[in-house]
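Residue-level listing of the chains:
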Amino acid sequence: MNSSSDANQSSSPPFCLLGAVGYSHSLDTCVLEVVVILFLTVLIIAGNLVVIFVFHCAPLLHHHTTSHFIQTMAYADLLVGVSCLVPSLSLLHYLRGLNEEFTCKAFGYMVSVLKSVSMASLACISVDRYIAITRPLSYATLVTPCRLRVCIVLVWVYSASIFLPSFFGWGKPGYHGDIFQWCADSWKTNPGFSTFIVALLYAPAALTVCFTYGSIFRICRQHTREITQRHARFSSQAEGDKGERGERCEGCPDKRYAMVLFRITSVFYVLWMPYILYFLLESAGLYQHKVASFFTTWLAISNSFCNCLIYSLSNSVFRKGLGRLFSPYCTFNSHI
């Protein structure tokens, strides 16, 4: 009797967050989950390595102080990709010897901290652009390299601290570790902790971004209107063209760069909003579904690849740096 029950238990399929939908008996693994996670892992690691190398190869990208925050995001997103190897290897049965509770807690905490770094960095970028456009004359004295480094350190320390209570039994930081059965079944969210995270991270970051970019685009619109009115008052067309060109050359680069950063921020919140909404609904006990948990979580994590894609499509300096990075390989292949 015991041997037959042990045989049935050993032949039972492993835990799959998506249930029978993604399980393959022939491969004895959760195929759909493995494919999604491995695909995102490869994209995230490759994309952020490209961003980091391009920033090292393109000195013009360092003219903006925001490049330091963007590199911070790239390193954080790269670590997200590397940490995603943990659930991938677990689904492929390479981590059977590890303690499941500790592994899933560590993975969930790590990803939450790294994504918090990205969210806080986006808020810092928006504040930096707001200061650059509203106080251009005093910008160099307000945003110094020393203050910039302190701000980046504070972002990492704050992100690491805010999710630390989850290790002491107060709530759950997210659903990143739900690939492991212990996290999915035993680690429950807590309304108090969820409110704590929203109040100290999600809400302040979102409100900061909305206020700063709203103010930036309002100021840019006002400058454009003033330029048009000034041009209309000019009696000489030549003087008008000269004055307009001088004004626009001064304002356009900041506006274009703000637009690139605004696209990155918008994509970040579009991909994260389903996860945040599910996090709030599940914490309040209003809705719970493992498939929704899986797809909203990995949709949010996919943002770690989107930044390099947006940069390559929106920033001409980044494209030049990307071309410089790959030009030796293209030259080598052409000679062959």
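Residues numbered from 1 in each chain as written. Predicted model: local features only at pLDDT ≥ 70, side-chain atom pairs only at ≥ 80, totals over all residues. Heavy atoms only, no water.

### Side note on the overall build of the chain
Across its full length, the chain carries 13 helices and two strands. Taken over 336 residues, the chain has a buried fraction of 43%. Partitioning the intrachain contacts of the chain with sequence separation of at least 6 by distance along the chain shows that 76% fall at a separation of at least 24. Total accessible area computed for the chain in this model is approximately 17500 Å², and 67% of it derives from carbon and sulfur atoms. (Helix = DSSP H or I, 4+ residues; strand = E, 2+ residues; numbered from the N terminus. Buried < 20%, exposed > 50% of the residue type's maximum accessible area, 1.4 Å probe, protein only. Contact = heavy atoms within 4.5 Å. Areas by Shrake-Rupley, 256 points an atom, 1.4 Å probe, with all protein chains shown as cover.)

### Points about the confidence of the model for the chain
For the chain, the mean per-residue pLDDT works out to 77, and 76% of the residues sit at or above 70. Here helix α1 (residues 2–11) stands out as the element of the chain with the lowest mean pLDDT, 43, in contrast to helix α7 (residues 145–162), whose mean of 93 is the highest. In this model residues 1–11 is a low-confidence stretch, pLDDT under 50, and it forms zero contacts with partners more than four residues away in sequence or in other chains. (pLDDT = per-residue confidence, 0-100.)

### Remarks on the packing of aromatic side chains
Counted under the stated rule, the structure contains 13 aromatic pairs. Judged by centre distance (5.3 Å) and plane angle (70°), the rings of W170 and F193 are edge-to-face. Residue W170 is located in the loop between α7 and α8 (181–186), and its partner F193 is located in helix α9 (residues 191–233); the two are separated by 23 residues in the primary sequence. For F193, a relative accessible area of 0% gives the class buried. Plain terms: the ring middles of W272 and Y275 are 5.1 Å apart, the flat faces sit at 85° to each other, and that makes the pair edge-to-face. Of this pair, W272 and Y275 both sit in helix α10 (residues 237–283), three residues apart, roughly one helical turn. Across this residue pair, the class does not change: W272 and Y275 are buried. (Phe/Tyr/Trp six-rings, centres within 6.5 Å; stacked < 30°, edge-to-face > 60°.)

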